[in-house]
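Okay, here's what each chain looks like letter by letter:
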Amino acid sequence: MKVFTYIMMVGALCCLFCCSKEKEDAPTGATFNKTFVTGYLTPESIVISKMNSGIKITFKGDLITSGRSFDALSIYYNDLSYNRYTIDGPRTAINDSIYKIEVYTVENFDASHPAGSDISDLIECHYLCPITTKTRNVMFAKETYVQRRAQLKKTIGSGVLLFLGNDEQGLNYEDNTFRYRQDSTFLYYFGLSFAGLSALIDIDEDKEIIFGDELTIDHIVWMGTQPTLHEKASAVGISETRPFADIVGYLHKAVQKGQTIHYLPPYRAEHKLKLMDWLGVPPARQEGSVPFIRAVVAQRNYKSAEEIAEIEKACDVTADMHITAMKVLRPGMYEYEVVAEMNRIAEMNNCELSFATIATINGQTLHNHYHGNKVKPGDLFLIDAGAELPSGYCGDMSSTVPADKAFTPRQRAVYEIQNAMHLESVKALRPGIPYMKVYELSAQVMVEGLKELGLMKGNAEDAVREGAHALFYPHGLGHMMGLDVHDMENLGELWVGYDGQPKSTQFGRKSQRLAIPLEPGFVHTVEPGIYFIPELIDLWRGEKKFMDFIDYDKVEEYRNFGGIRNEEDYLITETGAHRLGKKIPLTPEEVEALR
């Protein structure tokens, strides 16, 4: 049998079918020409059987077609008289009860294909998606989600796994909602970016159930036609669905049977209320199941080829956002004008923002989301921004640009130190090296550079061990990235970045989110920085901290310098590391060439 080819668009699963015949000369026997079927289909086989009275086409599995119609299904074959046979399909929405369409001819077939035999070997089907739409839907084939859930069940072994999907959230009243974003772990295992869903995996009973409610006519009037709950579930390999309210009864029965209910740490108020209502666990005790947390981390930390492809796309768009900002920035602009250009790039690529954009002349503030300042000559402009694809995968990059055509000598001197921190960190990336060691390396490179400017003194290794470097470098080197821009941060850095080992409490070092040895499949950021924070300088100087390592009189000359950060995203490979996405200007020469 010929291999069926499935080509599916991002987030689109529906089933508008039409058939067309490839023009051929009439054959000498009663055989079929190649028939080409185009349209949308879930990734299932089509069985084409020969009957005495014609052929029967059976579409296996659920067709993702709720509310959609098609004009005609035409099946062509050649017999001795070169006849064409066509059947019109339903012109109304297909419902859950229709899984096959039958086509009959009036001729018998040759003896090599007796009645009832599979004649798919005579048909070559291609499933194409010629339409691009901005939708939230399934990204990968259902087999991906089936395999992910199977691995999770095998790792945990027993109990009931509870997955809380996200609901819509009102901005200033209920119907004026924030941008909807599904919980990333729900996306990872169930692939459905629809509000109002939760799911259970009952390992002991071998059940996987999605709970949700069908849309009412009011929903459809305001929101348009949507797939049914059964269709949504089928697209990710789930056969059982139940009304949302039934989840409470299921959980109570599981508790009565003595089953363990595993859930992940909640980060939304709605999740905390549900856990309190459904399981009687007060918010203060909702730490989550450690075996569940560790099993999820053990899967999501390692990115598959299809995930990497998505992240690469997100990084490409992210790079374009930064390059555009570098090109348009001029003295006299407001920060929000630069942000608007970056947003335009994201929107024109069908992307959202992976986090609130940082674009500021006050780069000394690490997370500055205010965009109302006017850019002046001599300013440094720090950008930290990323794109998120409809699939949920993210990019995250930072860049620092002079408002003028070129850096001032002082700006360039500090910028080159930050560049050295970045480049030396990238050189060190390889499987097996603890990322905390790479962080320490970046800090030592900075201390050596600042010593040349007279800002620091003493032994660089000692300064970093004691924490003196954190006056200028108060954050970590990077974090995991994937479906979350800080991947799985809601599960706890202790598990994601430290494998359960305790974190340092030292200022600066405690903000390092990733410390464990790097492994192939990890995707993470590299983002060292240098900052001059007036309030921190005053505090430490007043406390006479690290006087053996810091020359505060010299630091005072840089008091209003601002901050510098550059960031790229990397995939750890078997032999080293691969930068993800287009290259953004990094060196002073590259940045100035773009200005």
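Here's a quick rundown of the structure. (Residues numbered from 1 in each chain as written. Predicted model: local features only at pLDDT ≥ 70, side-chain atom pairs only at ≥ 80, totals over all residues. Heavy atoms only, no water.)

1. Things to note about the state of the cysteines
And step 1. Enumeration over the complete set of coordinates arrives at zero disulfides.
And step 2. Sulfur of cysteine 351: no disulfide; nearest cysteine sulfur belongs to cysteine 394 and is 9.8 Å away.
And step 3. No disulfide involves cysteine 394; its sulfur sits 9.3 Å from that of cysteine 315, the nearest cysteine. (Disulfide = S-S within 2.5 Å.)

2. Here's the deal with the environment of asparagine 459
And step 1. Counting through the fold element by element, asparagine 459 comes out in the loop between helix 11 (435–452) and helix 12 (460–466).
And step 2. When its relative accessible area of 42% is taken as the criterion, asparagine 459 is described as partly exposed.
And step 3. Sequence-wise, asparagine 459 and glutamine 444 are 15 residues apart; in three dimensions their C-alpha atoms are separated by 9.1 Å.
And step 4. At a separation of 3.0 Å, a polar atom in the side chain of asparagine 459 contacts the main-chain amide nitrogen of glutamate 461. (Helix = DSSP H or I, 4+ residues; strand = E, 2+ residues; numbered from the N terminus. Buried < 20%, exposed > 50% of the residue type's maximum accessible area, 1.4 Å probe, protein only. Polar contact = N/O pair within 3.5 Å; in protein donor to acceptor, adjacent residues only side chain to side chain.)

3. Section: the sheet that holds strand 13 (residues 240–242)
And step 1. Reading across from one edge, 13-12-11-8-14 is the order of the five strands in this open sheet, with mixed pairing throughout. Both edges of this open sheet fall to strand 13 and strand 14 (261–262), since each of them pairs with a single strand only.
And step 2. Bridge analysis of strand 12 (residues 207–211) against strand 13 gives three bridges, and the strand direction is parallel. Residue isoleucine 210 lies in a different strand from strand 13, and its bridge partner there is threonine 241.
And step 3. Contacting strand 8 (160–164), strand 11 (198–202) and strand 14, helix 6 (residues 269–279) crosses the sheet at an angle of about 145 degrees to strand 8. (Pairing = 2+ DSSP bridges. Contact = heavy atoms within 4.5 Å. Axes fitted to C-alpha atoms, helices over the stretch in contact; angles between N-to-C directions.)

4. What to know about the pairing of strand 19 (residues 397–402)
And step 1. Of all the six residues making up strand 19, six are buried; the element is thus mostly covered by neighbouring parts of the structure.
And step 2. Taking every second residue as pointing to the same face, both faces of strand 19 are buried, with Met397, Ser399 and Val401 on one and Ser398, Thr400 and Pro402 on the other.
And step 3. Relative to strand 19, strand 17 (residues 380–385) runs antiparallel, the two sharing six bridges. Bridging across to strand 19, aspartate 384 finds its partner in serine 398.

5. Points about the nonpolar core
And step 1. Phe163, Ile210, Met446, Met456 and Phe472 are the most contacted members of the largest nonpolar core, which totals 126 residues.
And step 2. The biggest single contributor to this core is helix 8 (residues 305–328), with 10 residues.
And step 3. Within the second largest apolar cluster, 16 residues are counted, among which are Leu162, Leu164, Leu200 and Leu251. (Core = buried A, V, L, I, M, F, W, Y, C linked by side-chain atoms within 4.5 Å.)

6. As for the sheet that holds strand 24 (residues 577–579)
And step 1. In space, the three strands of this open sheet follow the order 20-23-24, with antiparallel pairing throughout. With one partner strand each, in any of the chains shown, strand 20 (523–526) and strand 24 form the two edges of the open sheet. The average angle at which neighbouring strand axes cross in this sheet is 35 degrees, direction not considered.
And step 2. As paired strands, strand 23 (residues 568–572) and strand 24 are joined by three bridges and run antiparallel to one another. Following the sheet pairing, tyrosine 570 is matched in strand 24 by arginine 579.

7. With respect to the side chain of threonine 318
And step 1. Structurally, threonine 318 is set in helix 8.
And step 2. Polar side-chain contacts of threonine 318 include one of 2.8 Å to the backbone oxygen of alanine 314.
And step 3. Ignoring sequence-local partners within four residues, the contact set of threonine 318 consists of Ala385, Gly386, Ala387, Gly395, Asp396 and Met397.

8. Observations concerning a nonpolar patch on the surface
And step 1. A cluster of nonpolar side chains, contributed by Ile217, Ile220, Val221, Trp222 and Met223, occupies part of the molecular surface with about 620 Å² of accessible area.
And step 2. Secondary-structure assignment places isoleucine 217 in helix 3 (residues 217–223). (Patch = residues over 30% accessible without salt bridge, like charges linked within 9 Å, V, L, I, M, F, W, Y side chains within 5 Å. Areas by Shrake-Rupley, 256 points an atom, 1.4 Å probe, with all protein chains shown as cover. Salt bridge = Lys/Arg side-chain N within 4 Å of Asp/Glu carboxyl O.)

9. With respect to the pairing of strand 9 (residues 170–173)
And step 1. For strand 9 and strand 10 (residues 176–177), the ladder comprises two bridges, and the chain directions are antiparallel. Note that in strand 10 the partner of glycine 170 across the bridge is threonine 177.
And step 2. Taken together, strand 9 and the strand that follows it, strand 10, pair antiparallel across an intervening segment of two residues.

10. Here we look at the packing of helix 10 (residues 409–428) against helix 11
And step 1. The geometry of helix 10 relative to helix 11 is characterised by a closest axis approach of 9 Å and an angle of 150 degrees between their N-to-C directions. Taken together, helix 10 and helix 11 sit at an angle that is classed as roughly antiparallel. The handedness of the crossing between helix 10 and helix 11 comes out as right-handed. Facing helix 10, whose interface residues are Ile417, Ala420, Met421, Glu424, Ser425 and Ala428, helix 11 presents Val438, Leu441, Ser442, Val445, Met446, Gly449 and Leu450.
And step 2. In the contact of helix 10 with helix 11, the residues fall into nine nonpolar, three polar and one charged. (Parallel < 35°, antiparallel > 145°, perpendicular 65-115°, else oblique. Left-handed = near helix turned anticlockwise from the far one by under 90°. Nonpolar A, V, L, I, M, F, W, Y, C, P; charged D, E, K, R; others polar.)

11. Concerning the packing of aromatic side chains
And step 1. Inspection of the entire model under this criterion finds 19 aromatic pairs.
And step 2. With 5.0 Å between their ring centres and 75 degrees between their planes, phenylalanine 163 and phenylalanine 190 make a pair best called edge-to-face. With phenylalanine 163 in strand 8 and phenylalanine 190 in helix 2 (residues 184–190), this pair connects stretches of sequence that are 27 residues apart. Across the pair, phenylalanine 190 and phenylalanine 163 agree in class, each one buried.
And step 3. The interplanar angle of 70 degrees and the centroid separation of 5.6 Å between the aromatic rings of phenylalanine 472 and phenylalanine 532 together place this pair among those described as edge-to-face. Of this pair, phenylalanine 472 sits in the loop between helix 12 and helix 13 (493–496) while phenylalanine 532 sits in the loop between strand 21 (529–531) and helix 14 (534–542), and the two are 60 residues apart along the sequence.
And step 4. Overall, phenylalanine 472 belongs to the buried group, its relative accessible area being 0%.
And step 5. Overall, phenylalanine 532 belongs to the buried group, its relative accessible area being 1%. (Phe/Tyr/Trp six-rings, centres within 6.5 Å; stacked < 30°, edge-to-face > 60°.)

12. Some details on the packing of helix 1 (residues 142–156) against helix 7 (residues 290–300)
And step 1. Where helix 1 contacts helix 7, the two axes come as close as 10 Å, and the packing angle between them is 135 degrees. In terms of orientation, helix 1 and helix 7 fall into the oblique class. Of the two possible hands of crossing, helix 1 and helix 7 adopt the one that is right-handed. Side by side, helix 1 and helix 7 meet where Arg148, Gln151, Leu152, Thr155 and Ile156 of the first sit next to Pro291, Phe292, Ala295, Val296 and Gln299 of the second.

13. What about helix 6?
And step 1. For helix 6, the complete set of buried residues consists of Glu270, His271, Lys274, Leu275 and Trp278. Buried positions in helix 6, seen along its axis, are confined to an arc of 135 degrees and lie on one side of it. For helix 6, the exposed residues lying more than 90 degrees away from the buried face are Ala269, Leu273 and Asp277.
And step 2. Close packing links the buried residues of helix 6 with strand 8, strand 11 and helix 5 (246–256).
And step 3. Where helix 6 terminates, the next one or two residues include glycine 280, which has phi positive at roughly 70 degrees. (Arc of directions from axis to C-beta.)

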